Amino acid sequence: MLAGMGPVLLVWLAVCLGGTWAVDKGNFKTCEQSAFCKRQRAIKPGESPYRALLETMELTNTRLTLQLINDNNKVRLLLELYRLQGNITRVKINELKPLKPRYEVPDVLIREPPTEPLSLLSQDENGVVLSLGPESQRVIVSARPFRLDIVEGRDVLMSLNSRGLLGFEHLRMRKDTQADPETDNKEGADPANQDENTKEEEEKVEDGMWEETFKSHTDSKPNGPSAVSLDFSLPGVEHVYGIPEHADTLKLKTTDSGDPYRLYNLDVFQYELYNPMALYGAVPVMLAHNAQRTTGIFWLNAAETWVDISSNTAGKTVFGKMLDYVQGSSETPQTDVRWISESGIIDVFLMLGPTPREVFSQYASLTGTQAFPPLASLGYHQCRWNYNDQEDVRSVDAGFDEHDIPYDFIWLDIEHTDGKRYFTWDPHKFASPKEMLQGLMDKKRKMVAIVDPHIKIDTNYKIHNEISSRGFYVKNKDGGDYEGWCWPGSAGYPDFTRPDMRAWWASQFAYDQYEGAMENLYTWNDMNEPSVFNGPEVTMHKDALHGAWEHRDVHNLYGIYVHMATAQGLIERSGGVERPFVLTRAFFAGSQRYGAVWTGDNAAEWDHLKISIPMCLSLSLVGISFCGADVGGFFKSPSTELLVRWYQTGAYQPFFRAHAHLDTPRREPWLFGPENTALIREAVRQRYTFLPYWYQLFYLAYHTGEPVMRPLWVEYPQDPATFALDDEFLLGRDLLVHPVTEEGARGVTAYLPGKDEVWFDIHTFQKHNGGQNLYIPVTMSSIPVFQRGGSIIPRKLRVRRSSACMEDDPYTLYVALNNQRTAEGELYIDDGHTFNYEKKEFIHRRFSFSNNVLSSVNLEPGAQFTTKSWVERIIILGASNPSTITLRTADGVNQLEFDFDASMSVLTIRKPGMNAGADWSVSLQ
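Residues numbered from 1 in each chain as written. Predicted model: local features only at pLDDT ≥ 70, side-chain atom pairs only at ≥ 80, totals over all residues. Heavy atoms only, no water.

Chemist: Before we go on, may I ask you to explain the pairing of strand E45 (residues 843–850) in this structure?
Modeler: Look at any regular strand and the pattern is simple: side chains alternate between the two faces of the sheet. Of the strand pairs in this sheet, strand E44 (residues 823–829) and E45 are connected by 7 bridges, and their pairing is antiparallel. Of the residues in E45, the one forming a bridge with Glu824 is Ser848. Bridge analysis of E45 against strand E46 (residues 853–858) gives 6 bridges, and the strand direction is antiparallel. Its bridge partner lying in E46, Phe849 is registered against Leu854. Adjacent in sequence and paired antiparallel, E45 and E46 are bridged by 2 residues, among which Asn851 carries a positive phi angle near 50°. (Pairing = 2+ DSSP bridges. Helix = DSSP H or I, 4+ residues; strand = E, 2+ residues; numbered from the N terminus.)

Next up, the structure:
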């Protein structure tokens, strides 16, 4: 495996495979070590040097433009303000006349956002007031200093530059060298602006403006300083969320006493918990919430970004807050947020809610919704680095059948390739990949193989030769192909920012190109931050070139472009018929459109199990619903107790995959004794019984942008007890999950929200009132899950070896009545794997129970699909004992058999037998 690898890679592997299992923080920058962050953070709140030149204002039907001037250096900026459909305001700030164009992020927005009319309400020498539509929402632009406030009635919803932290480092000539001929006399560069730029003579030149060194790496910075920053104030807000990916709590912490949260996609080796360090992905979206309103900020910038958060209530004890209340303190809680990016422009979308659902809808209107996944991908995935050969795959597959544990996908990591050449198979260990895949297909199972974006530099490797001959590699600052070290040794990095490169990459997944591939082989994109073992911070040099742009401008987009191209390849190989499944490690805003993400290289520790919940909740809030964590932990070896608890947690998280490091002992579910095998089997089987509900939730996410896994405050936005909860979560509206994540736990305390709600334990059918903290005694078999009174959840209780084997199986409806003795729910059915649902080939039913009648009606009369599945059982929780039960269908009227458990108020209706796609009603008399 190590033959031909250079010393840098061997050192890196020694760290990975050796006994040191912790991140080396020294490999990654702090704000103090990141020159632009240090410069911008050194600017303290105060009076802004920027003022608005009101005489330059132009207002059309769709936008306002206005020049800003920095009174210190006389450089002018151009402010553009748009009112967008759906209660969104867009603010763009760029240099009025930059020396050369500044990067604006493409391909993330699904379209140019449609605008709505802006109208001028008033104007004087101090500013202008604009209407944001029929409500009492207005934008107030103050001139001196420049400030922008969004108000509704008498309430300020959000303020920009209220603390005077707008910063915009203009592009300039370097004083101590010859002018760059490319920018000298650049078309569009105004001589007057060139004169303005000479004002920089009076500005302080600081270390790191024109060159920066970190460890042994020097960043040449040919364009000089180019950072942008802006502050946002959120009156009345104490809780902010989002900006993944960080291994931290759901509620974001204040950063006054430490580093800001960093957004810079990095391959962080066994990350630490509860800190703001950057990880594999970056979604520059923050949500703010209080009992009155939810809002969001989407900072569309793909460069390295830092986010500072401060609060006037941070650090106050409960007693201190009570004292304020008793003494009549008039201080309104407020959270202040400051975004700092290394390059590009300011392009920010202010999503004004006012409800959580409306913020999700607003963000989805900009970046799209979660891709609707194949049903099988919602089942269980078995992975490790690495299954050794085809016989190992066959043996593991057989082990699941022998131990009666369902699964859908088995995964192959990098060792399946021929010498880390992606799109190939090891000729000895995986000599007959189609035979292996056919064996899985015969059992209605699938496989995922890894395809990473670093390409082995080898003239005998077709993929490398084609990329090289087409000029598709990222270039170094001198114009040659950029080379770095990764798993294959010396590697090139395709320039995925190029549409022609992405199209070529997609073509490589065709069955006549990817030798050995079949329709049940799917793809995993790892290392796509991109990971460069010998690069600065284990990633690409910022002065590498993607055409006209530096890597610093596009860094956080690299991963989404790899994901995009791979998903497109899987779609194209089937002629556009089959839905893809692609897992990615690196991501950005919009990655939800292309598949699933996971939380990277976690560890077999209880705290890593706990952190999987807030990490996936944070991703869910910013559009990425298909999230999971490596079950059992990637690094180290879990105790049997931890492994069982992780399966029980993962079974109720959207992406359910076990994975393990090359250096860990094997941990297939049956290797820990019969008792633990039975516990894991039960957790996995529970997952499969709920697949109809999971599938319906993903259909809803695809349609509306609502998250599948959600914090409690999303459904109970006026209940402050939910605002910081991150050890339990909701799946849709109707399932509340409080996994056991403490070692040796004898009980857990779950908060059941909704003072007028009731909740039913899904295992015992015990009924509990909402609005309380409920202590639940637990044993090793316990997974505390509750169904909301007022809901109807379809399940399939006949669990088979894979999801496809259950396609025609019957449903059991779980009807949980609320205090009003009503309930409703939905059922969605299609073929589970094609795009035919776009042609209305599906069944979408609504179930409702009221006045002692349970009915099923068609939610989509224009849709056409047939199913062999039927309803074999109805279980009504919180029921009364009827004397008779009558079924009405198109075929007539029948009396049904039933049992009633008076001690638990559970009514079980047996063998009603109607088709799952039919209209019917069941009356209780």
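Chemist: I tried to follow the sheet that holds strand E41 (residues 785–788) on my own but got confused; where do I start?
Modeler: Taken in spatial order, the 6 strands make up an open sheet running E34-E35-E36-E41-E38-E39, and their pairing is antiparallel. What marks the edges here is a single partner per strand, and that holds for strand E34 (709–710) and strand E39 (767–769). Sheet topology note: the strand E35 (residues 729–731)/strand E36 (residues 735–737) ladder contains 3 bridges and is antiparallel. Across the sheet, residue Leu731 finds its bridge partner in E36, namely Leu735.

Chemist: Where do I start with helix H13 (residues 640–650) in this structure?
Modeler: What sets the pattern is the α-helix's 3.6 residues per turn: residues three or four places apart point alike. Taken across its 11 residues, H13 has 10 buried, putting it largely inside the fold. Those residues of H13 not exposed but buried are Glu641, Leu642, Leu643, Val644, Arg645, Trp646, Tyr647, Gln648, Thr649 and Gly650. Its buried side turned inward, H13 meets strand E21 (380–382), helix H12 (606–621), strand E33 (656–658) and helix H14 (674–689). (Buried < 20%, exposed > 50% of the residue type's maximum accessible area, 1.4 Å probe, protein only. Contact = heavy atoms within 4.5 Å.)

Chemist: Explain helix H15 (residues 691–704) here, please?
Modeler: Compared with an ideal rise of 1.5 Å per residue, which puts 14 residues at 20 Å, H15 spans 20 Å between its outermost C-alpha atoms and is within 8% of the ideal. Buried residues of H15: Leu691, Pro692, Tyr693, Trp694, Tyr695, Gln696, Leu697, Phe698, Tyr699 and Ala701, and no others. Backbone geometry just after H15 places Gly705 at a positive phi near 85°. (Expected span 1.5 Å × (residues − 1).)

Chemist: Explain the UniProt feature "domain: Glycoside hydrolase family 31 TIM barrel" (unreviewed entry) in the protein chain here, please?
Modeler: As annotated by UniProt and renumbered to match this structure, "domain: Glycoside hydrolase family 31 TIM barrel" (unreviewed entry) occupies residues 371–697. Taken end to end, residues 371–697 is 34% helix and 13% strand, and its two terminal C-alpha atoms sit 12 Å from one another. (UniProt positions renumbered as here; feature names shortened; annotations may be inferred.)

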